[in-house]
Amino acid sequence: MPDVDLFVIGAGSGGVRAARIGAGHGASVMIAEEYRVGGTCAIRGCVPKKLLVYAARFADEFEDAKGYGWTVPEPVFDWPTLIANKDREIARLELAYTTALERAKVAVVKSRAVIVDPHSVRLADGQTVRAKHILIATGAAPSIGKEIEGHSHVISSNEAFHLEELPKRILIQGGGYIAVEFASIFNGLGSEVTLVYRGDNILRGFDDDLRAHLRTEMEKRGIKVITRRIVEGIEKVDRGLCVELSGHDEVIVDRIMFATGRRPNINGLGLEAAGVQLGRTGGIEVDDYSRTSVPNIYAIGDVTDRINLTPVAIRDGHAFADTVFGNRPTKVDHKNVPTAVFSEPECGAIGLTEAEACRKLPKVDIYKTWFRPLKATLAGRDTRTFMKLVVDGTSDRVVGCHIVGPDAGEMIQLVGIAVKMQATKADFDAVMAVHPTAAEELVTMREKAVSHVRQAAE
Ligand SMILES: Cc1cc2nc3c(=O)[nH]c(=O)nc-3n(C[C@H](O)[C@H](O)[C@H](O)COP(=O)(O)OP(=O)(O)OC[C@H]3O[C@@H](n4cnc5c(N)ncnc54)[C@H](O)[C@@H]3O)c2cc1C
């Protein structure tokens, strides 16, 4: 007889949801967490990051207020206050997650858990728990490499949330969303920021116009973006940390952060002993129902290394619980997932980029616009918003939308409904504009910027 119907390893976004829904379906559930209940998103990801983003954005508000007639005394920012307040909110969230689990009658164990065989899990105190089903929801961790000299000076996003003081100068290596978000945070709070990325441009995988526009806007704000370079070594010198870049450039900074990717948390988890197989990218391989190569072991969220976002992990966890314990087999649709980058300015994106659409579709129509947000006029701020719609030229369906500008994240959530419903460009145009807003541009773009038609021979 198993001790529990379900043992969940990892109390992050996906694991917590799966445990609660599974228990709601009547399963006996135990969940183990080796660090803090809530996982990456709540403890050292989305939530604390967004709080820091809010903090950084006040700098613009103070500045812009002057153009609107306000006299604003020289604002003073205090990093320790921000970090202490943020930590208090995160502790409250952690407690809320734990309470919600306990209310759902889930047994919460604060321990690392390791799989011993397909039906048993060992806790840190040596206790073994027998389980009918095991769910691996262990997430991912920063991967900052190790091969360079002076590596011990490098921090990841984990440490960035707990720095004792705001660095005067920081170098961030990486071009993904975490790198650009932290570059914007530190820039807004007053640090001198250098962003170094080995590729051609930041935000690989996003639409090329979005990438170019964001880079220009970030540079306007004083962030130094250096592409096609990598950090080759770090040396402690009198004036701080001397970072040697490929191409023999040097930068002196106070802090160095690497946001160079995340790897699934699978080390020492006992996957081999249980026979759980990995996929091409090193994440756990699963089928449409989150089942691994071992029939009673499932995996969800970042540890599967597919779309590494909180709402995806939550959906995966919910669908798993409905499938296995709710008698309701549920697949999660991972297509057309809207996403935001909380840089300054913000980005929102869904669906195909222009380049992807051109590869996949015979005819593609592009609508795009750049404009100065109304608020920037009296503020005297030099910034532009960018919007693009990618339209299937054959069916008229909107298959992609890419935005850089204030509230892009909020906008793309709603555009996501239309794209998911397979709305056409004509449907967008039929919607009355809300004036004056930025979002109205999405329903008033009349002129095609370009029409791509693939020739039969291509
Ligand atoms: C800086 C940063 C910002 C982010 N911002 C966003 C954002 O704005 N929007 C968004 O959607 N996503 C964001 N993400 C991604 C998001 O946090 C993850 O996609 C999400 O947390 C994945 O959930 P999960 O359940 O798969 O794993 P996690 O939330 O990582 O939870 C896994 C848990 O398992 C625990 N664990 C690992 N191994 C063991 C073990 N052997 N035994 C017991 N416990 C174990 C870990 O301690 C962790 O608590 C961000 C991530 C980072 C790092």
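What comes next concerns the included structure. (Residues numbered from 1 in each chain as written. Predicted model: local features only at pLDDT ≥ 70, side-chain atom pairs only at ≥ 80, totals over all residues. Heavy atoms only, no water.)

## Concerning helix H1 (residues 13-24)
Part 1 of the reasoning: Between the first and last C-alpha of H1 there are 17 Å, a value that for twelve residues agrees with the 16 Å anticipated at 1.5 Å per step.
Part 2 of the reasoning: Within H1, burial applies to Ser13, Gly14, Gly15, Val16, Ala18, Ala19, Gly22 and Ala23.
Part 3 of the reasoning: Next to the buried residues of H1 lie strand E1 (4-9), strand E2 (29-32), helix H2 (39-44), helix H4 (79-103), strand E6 (128-136) and helix H9 (310-325). (Helix = DSSP H or I, 4+ residues; strand = E, 2+ residues; numbered from the N terminus. Expected span 1.5 Å × (residues − 1). Buried < 20%, exposed > 50% of the residue type's maximum accessible area, 1.4 Å probe, protein only. Contact = heavy atoms within 4.5 Å.)

## A word on the sheet that holds strand E12 (residues 231-237)
Two pairing modes exist for strands in a sheet, parallel and antiparallel, and in both the strands are linked by backbone hydrogen bonds.
Part 1 of the reasoning: Across the sheet, which stays open at both edges, the three strands sit in the order E12-E13-E14 with antiparallel pairing between neighbours. In the strand order of this sheet, the two ends are held by E12 and strand E14 (250-253), each with one partner. Neighbour to neighbour, the strand axes of the sheet diverge by 25 degrees on average, direction disregarded.
Part 2 of the reasoning: Summarising the sheet, strand E13 (residues 240-245) and E14 pair through four bridges and their orientation is antiparallel. Bridged to Cys242 within E14 is Ile252. (Pairing = 2+ DSSP bridges. Axes fitted to C-alpha atoms, helices over the stretch in contact; angles between N-to-C directions.)

## Let's talk about the site of the ligand
Part 1 of the reasoning: Residues in close proximity to the ligand total 36 residues, the closest being Gly14, Glu33, Thr40, Lys49 and Asp302.
Part 2 of the reasoning: Contacts to the ligand include Asp302, whose backbone N or O atom sits 2.9 Å from an oxygen atom.
Part 3 of the reasoning: When the ligand is considered free in solution it has 1,000 Å² of accessible area, and contact with the protein chains removes 95% of it.
Part 4 of the reasoning: Broken down by element, the shell around the ligand gets its largest block of residues, four residues, from H2.
Part 5 of the reasoning: Along the lines of polarity and charge, the residues of the shell around the ligand split into 14 nonpolar, 14 polar and eight charged. (Near = heavy atom within 4 Å. Polar contact = N/O pair within 3.5 Å; in protein donor to acceptor, adjacent residues only side chain to side chain. Areas by Shrake-Rupley, 256 points an atom, 1.4 Å probe, with all protein chains shown as cover. Nonpolar A, V, L, I, M, F, W, Y, C, P; charged D, E, K, R; others polar.)

## Describing the pairing of strand E19 (residues 347-351)
Part 1 of the reasoning: Among the five residues of E19, four are classified as buried, and the element is accordingly described as predominantly covered.
Part 2 of the reasoning: As defined by bridge partners, strand E18 (residues 339-341) adjoins E19 across three bridges and the pair is classed as antiparallel. For Ala340, the partnering residue across the bridge sits in E19 and is Gly348.
Part 3 of the reasoning: A loop of five residues connects E18 with E19, the two strands running antiparallel in sequence.
Part 4 of the reasoning: Pairing of E19 with strand E22 (residues 398-404), which is carried by five bridges, proceeds in the antiparallel orientation. If you follow Ala349 over to E22, its bridge partner there is His402.

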